[in-house]
Amino acid sequence: MAPRVEAAVIGCGLIGASWAALLAAHGHAVKAYDPDPARRAQLAETVARLRRQLLELRADAGGSVTVAGDLAAALDGATFVLESAPERLDLKVDLLAEMDRHCPADVVIATSTSSLLLSDMTARCAHRDRFIVAHPFNPPHLMPLVELFGTSPSVLDRAEAFFRALHKQTIRLKREVPGHIANRLGAALWQEAVHLVASGVADVADIDAALIHGPAMRWAVQGTHLTYHLGGGAGGIRHYLDHLGPSQERRWQSLGKVQLTADVKKMLIDGIEQEAAGRSVANLEAERDRFLIDLLKLRDHL
Ligand SMILES: NC(=O)c1ccc[n+]([C@@H]2O[C@H](COP(=O)([O-])OP(=O)(O)OC[C@H]3O[C@@H](n4cnc5c(N)ncnc54)[C@H](O)[C@@H]3O)[C@@H](O)[C@H]2O)c1
């Protein structure tokens, strides 16, 4: 079993609560802090629910989540810190600087930021090298991916060992870029999906169906590059590029750029409400998590 780590989770919304549950299920002693008293009051119940989901995958190693009354109390004694506060640069700059002042220099501080740059966020920190991006995918207690970026190889090595012990699949960015990798891929795809809706090619639900029953299934197995390798048959990617490269280029040239105007937003909201067909966000989350847990079990057997 992985050694018990004293960890701090700062910000206990959607992402922080999920991190806290995952860490505790792996035996870590977590101290959690959120400035919102309602979030603090709700955390134990949320963590218990998410730990029950994780029990389907492996035994719970019996860690704990203690709610701290302030930031300093949460950070005291922590050797690994996960920050999941709101995605606002001004807020993160202040928060990271405060955490930097409080934590000894050998403490690793990881931010969950989806799109901000580490170099901007750590502008006022003295020990910039101990900060990393550790970008999870929602919900972090289930989704394997954690994208890492940092400036110190030894800090990244420590972070990689920490996340791998949580059964996460880590990847490292060679340089920082807004949105890291997976969110950029997601943004590119969603831009075209919105363009297809806005330009009247198909309804929201049909575009999701095209993805769910088509490319998403193959991507879950082999990603996008290897998938095209197989699109070339026995000749692999060399034949694919010769045969279908020009048609890819034609498609790339016709991809749309979109703006989230009032009309486009209305089309999306109406289409998504129709697709949800009365299912609440909680119902949809439960459906997603059921499927993710089954998929993770399947992967463990591959
Ligand atoms: N939602 C996603 O799908 C997703 C996925 C990956 C990463 N992220 C990243 O995770 C971070 C948190 O996002 P979220 O979706 O959990 O947001 P959220 O709104 O659900 O939670 C943010 C929490 O931070 C708290 N908070 C506010 N000010 C704070 C402060 N000064 N210090 C500490 N906590 C503070 C809020 O009270 C709230 O509980 C963001 O950086 C976001 O980009 C989000």
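None of the values given here were measured: they were computed from a predicted structure. (Residues numbered from 1 in each chain as written. Predicted model: local features only at pLDDT ≥ 70, side-chain atom pairs only at ≥ 80, totals over all residues. Heavy atoms only, no water.)

1. Some thoughts on the pattern of salt bridges
When charged atoms on two side chains of opposite charge get close, those side chains can pair. As a reminder, the rule being used: A pair is scored as a salt bridge if a Lys or Arg side-chain nitrogen falls within 4 Å of a carboxyl oxygen belonging to Asp or Glu. By definition, any uninterrupted DSSP run of H or I lasting at least four residues is a helix, any uninterrupted run of E lasting at least two residues is a strand, and each is numbered from the N terminus. Only protein chains enter the accessibility calculation, which uses a 1.4 Å probe. A residue is then buried if its area is under 20% of the maximum for its type, exposed if over 50%, and partly exposed in between.
Scanning the entire structure with this criterion turns up 16 salt bridges. In this structure, glutamate 160 and arginine 164 form a salt bridge, with 4.0 Å as the shortest nitrogen-oxygen distance. Here glutamate 160 pairs with arginine 164, and both are found in helix H6 (residues 153-165), just four residues apart, close to one helical turn. Overall, the relative accessible area of 44% leaves arginine 164 in the partly exposed class. Here arginine 288 ties to aspartate 289 by a salt bridge, and the two come within 2.9 Å at their closest N and O atoms. We classify arginine 288 as partly exposed; its relative accessible area is 29%.

2. What to know about the domain arrangement of the protein chain
To be explicit about the condition: Here the limits of each domain have been adopted from an automatic or database domain assignment. Should any heavy atoms of two residues lie within 4.5 Å, those residues are considered in contact. Two parts placed together each lose some accessible area under a 1.4 Å probe, and adding up what both lose gives the buried area.
What the domain assignment reports for the protein chain is domain 1 (6-172) and domain 2 (182-300). With centres defined by C-alpha atoms, the gap from domain 1 to domain 2 works out at 29 Å. Facing 15 residues of domain 1, the contacting portion of domain 2 comprises twelve residues. Carbon and sulfur atoms make up 56% of the surface buried where domain 1 meets domain 2, a total of about 1,100 Å² over both sides. Summed over the three residues of domain 1 that lose the most area to domain 2, namely Glu56, Leu57 and Leu142, the buried surface amounts to 41% of that side. One can count two salt bridges joining domain 1 with domain 2.

3. Section: the site of the ligand
Keep this limit in mind: When we say a residue is near a molecule or strand, we mean one of its heavy atoms is within 4 Å of it. We define a polar contact as two N or O atoms separated by no more than 3.5 Å, with the added condition that, inside protein, one atom must be a possible hydrogen donor and the other a possible acceptor, whereas residues neighbouring each other in sequence contribute only through side-chain atom pairs. Where accessible areas are quoted, they stem from the Shrake-Rupley method and a 1.4 Å probe; at the residue level, only the protein chains shown are allowed to cover.
Neighbouring the ligand are 23 residues, the closest being Ile15, Asp34, Glu87, Lys92 and Ser114. At 2.9 Å, a backbone N or O of isoleucine 15 approaches an oxygen atom of the ligand. A distance of 2.7 Å separates an oxygen atom of the ligand from a polar side-chain atom of serine 114. Contact with the protein chains removes 76% of the 820 Å² of surface that the ligand exposes when unbound. Secondary-structure elements contributing two or more residues to the shell around the ligand are helix H1 (14-25), helix H4 (89-102) and strand S6 (131-136). Broken down by element, the residue count for the shell around the ligand peaks at three residues, all from H4.

4. Looking at the sheet that holds strand S2 (residues 29-33)
Strand pairing in a sheet takes place through backbone hydrogen bonds and is either antiparallel or parallel in direction. Test applied: Strands were regarded as paired on the criterion that DSSP finds at least two bridges between them. Lines fitted to C-alpha atoms define the axes here, with helix axes fitted over just the stretch in contact, and angles between the N-to-C directions of these axes take values from 0 to 180 degrees.
Pairing is mixed across the open sheet formed by eight strands, whose spatial order is S3-S2-S1-S4-S5-S6-S7-S8. Edge positions in the sheet fall to strand S3 (64-67) and strand S8 (169-172), since each has one partner strand and no second. Strand-to-strand twist across the sheet, computed as the mean angle between neighbouring axes with direction ignored, equals 25°. Taken together, the five bridges between S6 and strand S7 (residues 145-150) define a ladder with antiparallel strand orientation. What sits directly across from proline 136, in S7, is valine 146. Strand contacts of helix H2 (residues 37-55): S2 and S3, with the helix running at about 170° to S3, the strand carrying the most contacts. Each of strand S1 (6-10), strand S4 (80-83), strand S5 (108-111) and S6 is contacted by H4, which is oriented at about 165° to S4, the strand it contacts most.

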